[in-house]
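Below are the chains, spelled out letter by letter.
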Amino acid sequence: MASQFEPLKNDLILRTARGEQVERPPMWVMRQAGRYLPEYHEAKGGHDFFECCRSPEIASTLTLQPIERYEGLIDAAIIFSDILVIPQAMGMEVIMVDKKGPHFPEPLQTPDDQQYKEIMARRVDVKESLDYVYKAITLTRRKLKGRVPLLGFCGAPWTLMSYMVEGGGSKMFIQAKTWIFRYPEESKALLQKIAELCVEYLALQVQAGAQMIQVFDSWAGELSPSSFKAFALPYLAYIADHLPQRLQELGFECVPMTVFAKGAWYALDVLCDSNYDVVGLDWLHDPVEAFKIARAKGKTLQGNADPGVLYGGKEAITGVVKEMVAGFGGGKQGWIANLGHGITPFVKPDDLKFFFEEIHKYTAS
Ligand SMILES: Cc1c2[nH]c(c1CCC(=O)O)Cc1[nH]c(c(CCC(=O)O)c1C)Cc1[nH]c(c(CCC(=O)O)c1C)Cc1[nH]c(c(C)c1CCC(=O)O)C2
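Residues numbered from 1 in each chain as written. Predicted model: local features only at pLDDT ≥ 70, side-chain atom pairs only at ≥ 80, totals over all residues.

**Quick notes on the overall build of the protein**
In terms of helices and strands, the protein carries 17 helices and nine strands. Among the 365 residues that make up the protein, the fraction classed as buried is 47%. A separation of at least 24 residues holds for 73% of the contacts in the protein among residues at least 6 apart in sequence. (Helix = DSSP H or I, 4+ residues; strand = E, 2+ residues; numbered from the N terminus. Buried ≥ 20, exposed ≤ 12 C-beta atoms within 10 Å, placed from the backbone. Contact = placed C-beta atoms within 7 Å.)

**Regarding the UniProt feature "domain: Uroporphyrinogen decarboxylase (URO-D)" (unreviewed entry) in the protein**
Here the UniProt-annotated "domain: Uroporphyrinogen decarboxylase (URO-D)" (unreviewed entry) positions come out as residues 26-35 and 151-167. The annotated region residues 26-35 carries 0% helix and 0% strand content, and the separation between its end C-alpha atoms amounts to 23 Å. Along residues 151-167 one finds 59% helix and 29% strand; the C-alpha atoms at either end are 27 Å apart. (UniProt positions renumbered as here; feature names shortened; annotations may be inferred.)

**Considerations on the site of the ligand**
The immediate surroundings of the ligand are formed by 21 residues, with Ala-33, Gly-34, Gly-101, Phe-216 and Ser-218 found nearest. Along the lines of polarity and charge, the residues of the shell around the ligand split into eleven nonpolar, seven polar and three charged. (Near = placed C-beta within 6 Å. Nonpolar A, V, L, I, M, F, W, Y, C, P; charged D, E, K, R; others polar.)

**Describing the nonpolar core**
With 118 residues, the main nonpolar core has Ile-86, Leu-151, Cys-198, Ala-210, Ala-232, Leu-236 and Val-279 as its most contacted residues. Apart from residues lying up to four places away in sequence, Leu-151 is in contact with Ala-76, Ala-77, Ile-78, Ile-79, Ala-210, Met-212, Ile-213 and Gln-214. (Core = buried A, V, L, I, M, F, W, Y, C linked by C-beta atoms within 7 Å.)

**Describing the sheet that holds strand E7 (residues 278-280)**
If you trace the seven strands from one edge of the open sheet to the other, you get E1-E4-E5-E6-E7-E8-E9, paired in parallel fashion. With partners counted over all chains shown, the strands left at the sheet margins are strand E1 (77-78) and strand E9 (335-339), one partner each. The sheet contact formed by E7 and strand E8 (residues 300-305) spans three bridges and is parallel. Paired with Val-278 across the two strands is Thr-300, which belongs to E8. Helix-sheet contacts for helix H8 (residues 131-144) involve E1 and strand E4 (150-155), and the interaxial angle to E4 is about 155°. (Pairing = 2+ DSSP bridges. Axes fitted to C-alpha atoms, helices over the stretch in contact; angles between N-to-C directions.)

**A few points about the pairing of strand E6 (residues 257-261)**
With five of five residues buried, E6 is to be regarded as a mostly interior element. Here E6 shows no split at all, with Met-257, Val-259 and Ala-261 on one side and Thr-258 and Phe-260 on the other all buried. Relative to E6, strand E5 (residues 212-217) runs parallel, the two being bridged by five bridges. Residue pairing in the sheet places Val-215 in a bridge with Val-259 of E6. Bridge analysis of E6 against E7 gives three bridges, and the strand direction is parallel. If you follow Val-259 over to E7, its bridge partner there is Val-279.

**So, the packing of helix H4 (residues 56-69) against H8**
One can describe the packing of H4 onto H8 by two numbers: an axis separation of 8 Å at closest approach and a directional angle of 50°. The pairing of H4 with H8 is recorded here as oblique in orientation. In this structure, H4 meets H8 at a crossing whose hand is right-handed. Residues Pro-56, Ala-59, Ser-60, Thr-63 and Leu-64 of H4 form the contact with H8, whose participating residues are Tyr-132, Lys-135, Ala-136, Leu-139, Thr-140 and Lys-143. (Parallel < 35°, antiparallel > 145°, perpendicular 65-115°, else oblique. Left-handed = near helix turned anticlockwise from the far one by under 90°.)

**Section: H4**
Each α-helix winds once per 3.6 residues, and so residues spaced three or four apart point in a common direction. End to end, H4 covers 20 Å across 14 residues, agreeing with the expected 20 Å (1.5 Å per residue, within 8%). Along H4, the helix axis deviates most sharply at Thr-63, where the bend reaches about 25°; the proline Pro-66 sits within four residues downstream. Every buried residue of H4 is accounted for by Ala-59, Ser-60, Thr-61, Leu-62, Thr-63, Gln-65, Pro-66 and Ile-67. (Expected span 1.5 Å × (residues − 1). Bend = angle between axes of the 7 residues up to and from the residue.)

**Some thoughts on the packing of helix H11 (residues 184-208) against helix H13 (residues 233-250)**
Packed helix pairs are characterised by how far apart their axes lie and by the angle those axes make with each other. H13 packs onto H11 with a crossing angle of 40° between their chain directions and a minimal axis gap of 9 Å. In terms of their interaxial angle, H11 and H13 are classed as oblique. The two elements H11 and H13 meet at a crossing, and its hand is right-handed. When H11 is examined against H13, the residues Leu-191, Gln-192, Ala-195, Cys-198, Val-199, Glu-200, Leu-202, Ala-203, Val-206 and Gln-207 are found in contact with a partner set consisting of Tyr-235, Tyr-238, Ile-239, His-242, Leu-243, Arg-246, Leu-247 and Leu-250. Broken down by class, the residue content of the contact of H11 with H13 amounts to 13 nonpolar, three polar and two charged.

In structure tokens form, the structure reads like this:
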């Protein structure tokens, strides 16, 4: 229960998400607990990636690493886990192949296959099968001692379905496109099933102690605007429309919700019309244009520096920070500073520190 934790000392990101005026923009980066940190490799040791996710002790240690390293500069923690725990809970095997990424030995083939029928018929218990995530969240909240809010997350239905049929990352999305164009109704049934699981999973994360949530639609940009409207948007909207109600049933108030539909630049206005509080932007957006659209609808934006700028040295970083600060209205309302996607391996941790320091420098009054 929420009251078992120490009070928050820094609620900047929650206030910004709710649209309030703030003293400076909150900052964090996607994938902030990850391979660019030497302490990540050390703590992970010989453990397999999903073993780390399943160990509340290791997952909470990894979650806290960026909070400790960037103390005073970073305004949110995000629970160490992965979007692919939902397909695992649905009964699919997923392994993380070193330096290659996720791999499903038996991806979904066609709707006529027994595997699809089984997956659609199975009652998935996300409470029991993802219990380790809730335990990791509760332990992390305790260890955070109110320093910053803890974010929970899940993958969006379209992105998760893509992984389930492709069997891993993809360049051409042959299977995912075959599914939506050849089997639209069966695709929609699967997307709806995933969306319902996402609602329950996020509600249980909040019950365990998550103070804000983010839905990652990492492959949204593979869809045309009309395919996005048919196969991604309704399921993103379903999550934002049903999570508050599910939380209410469990006796919890709703937390701020962020949607990050990477590559779906054409959908900014419809996402701003949805029930999400925050819309995440990748670096394809011009901050000035995006901010105009979002502020007209009272939404907060999150993003959106090209993660690659962190390879470019101080001058390049300062340039991008200044452009963001100016474009997002100075940072006193409606902007959560972040990268436009996850931080990449081999970035020097001090270069991320400099990114944070520069945002601070150009926004502190
Ligand atoms: C698509 C996606 C995945 N996972 C996730 C997404 C959505 C965000 C995005 O678009 O990047 C989400 C995710 N994955 C991870 C987090 C942890 C929290 C954080 O942001 O710090 C989060 C929020 C840890 C991770 N997830 C993964 C690692 C690296 C594992 C390792 O090799 O140690 C980490 C720290 C592995 C992973 N997991 C996934 C891929 C494609 C890969 C391999 C490629 C890569 O690492 O970029 C699936």
